[in-house]
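Working through the structure, step by step
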Amino acid sequence: MLDCKVINWMLKGSIEYNKILREFDKDLIVDVFGYEFRPVINKITEYYSRHKATPTINVLSQLLPEEEFDHGFLDLIENYEASDNEIGFYVDQMKERYNKRILKRLVNTCLE
């Protein structure tokens, strides 16, 4: 899964986290990821802004109650890895997906 690979890469450290924030506007970062991953992205950004470090999967599992978020997604994030050479491709794919989503919303709004 595309989102899992980017989130996994983002959790590697501050450099990787900041690279993703440079690719996607900080205010849009939550919208770029799939709906099911938004609670994770919110917790990652909150944690980073408070501690200036990225959380581990174990910390995320403690921050996200199972009632609010399926921890199976955390296992997926942990298992899907991306290398430095691949991350640019995945980011481009996410941008393309997001642009299509915005275009679809715009078309639907115009048709109403």
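Our structure's up above, just so we're on the same page.
Let me sum up the structure you'll find in this document. (Residues numbered from 1 in each chain as written. Predicted model: local features only at pLDDT ≥ 70, side-chain atom pairs only at ≥ 80, totals over all residues. Heavy atoms only, no water.)

**Let's talk about the packing of aromatic side chains**
The condition is simple: Working definition: rings of Phe, Tyr and Trp (its six-membered ring) pair if their centres are within 6.5 Å, and the pair is stacked with planes under 30 degrees apart, edge-to-face with planes over 60 apart, and tilted otherwise. Labels follow the DSSP assignment, with helices taken as runs of H or I lasting at least four residues and strands as runs of E lasting at least two, numbered in each case from the N terminus.
This structure, assessed with the given rule, holds four aromatic pairs. Relative to phenylalanine 73, the ring of phenylalanine 37 lies with its centre 5.3 Å away and its plane at 70°, an arrangement referred to as edge-to-face. Here phenylalanine 37, found in the loop between helix H3 (29-32) and helix H4 (38-51), pairs with phenylalanine 73, found in helix H6 (residues 72-79); they are 36 residues apart in sequence, far enough to count as distant. Between phenylalanine 69 and phenylalanine 73 the ring centres are 5.8 Å apart and the planes differ by 40°, which places this aromatic pair in the tilted class. Counting every residue linked through ring pairs, the aromatic cluster contains Phe37, Phe69 and Phe73.

**Points about the packing of helix H1 (residues 2-10) against H6**
To describe two helices that pack against each other, one gives the angle between their axes and the distance between the axes. How we decide: Note on geometry: axes are lines fitted to C-alpha atoms, helical ones only across the stretch in contact, with angles between N-to-C directions running from 0 to 180 degrees. Here the word oblique covers every angle except those under 35 degrees (roughly parallel), over 145 (roughly antiparallel) and from 65 to 115 (roughly perpendicular). Note on contacts: a residue pair qualifies if any of its non-hydrogen atoms lie within 4.5 Å across the two residues. Gly is placed with the polar residues, together with every amino acid not listed as nonpolar (Ala, Val, Leu, Ile, Met, Phe, Trp, Tyr, Cys and Pro) or charged (Asp, Glu, Lys and Arg).
Running from N to C, H1 and H6 point in directions that differ by 70°, and their axes come no closer than 7 Å. When the interaxial angle is binned, H1 and H6 end up roughly perpendicular. Along its contact with H1, which presents Cys4, Ile7 and Asn8, the element H6 presents Leu76, Ile77 and Glu78. Of the residues in the contact of H1 with H6, the class split is four nonpolar, one polar and one charged.

**Description of the nonpolar core**
Filter applied, for reference: Throughout, nonpolar core names a set of buried Ala, Val, Leu, Ile, Met, Phe, Trp, Tyr and Cys residues whose side chains join them through atoms within 4.5 Å. Relative accessibility under 20% of the residue-type maximum defines a buried residue, over 50% an exposed one, and the middle range a partly exposed one, all with a 1.4 Å probe and only protein chains included.
Counting 32 residues, the largest nonpolar core has Ile7, Ile20, Phe33, Val40, Ile44 and Ile77 as its most contacted members. Secondary structure elements with two or more residues in this core: H1, helix H2 (14-23), H3, H4, helix H5 (57-63), H6 and helix H7 (84-111). For this core, the element with the highest residue contribution is H1, accounting for six residues.

**Some points on the pattern of salt bridges**
Applied cut-off: A pairing counts as a salt bridge when a side-chain nitrogen of Lys or Arg comes within 4 Å of a carboxyl oxygen of Asp or Glu.
Summed over all chains, the structure comprises four salt bridges. Between lysine 43 and glutamate 46 there is a salt bridge, with the nearest N and O atoms lying 3.9 Å from each other. Here glutamate 46 and lysine 43 lie together in helix H4, a separation of three residues that amounts to about one turn. Note on lysine 43: relative accessible area 24%, which makes it partly exposed.

**Comments concerning the environment of phenylalanine 37**
Taking relative accessible area as the criterion, phenylalanine 37 reaches 0% and is therefore assigned buried. Here the alpha-carbon distance between phenylalanine 37 and isoleucine 7, two residues 30 residues apart in the chain, equals 9.0 Å. Contact partners of phenylalanine 37, with chain neighbours within four places excluded, come to Met1, Asp3, Cys4, Ile7, Phe73 and Ile77.

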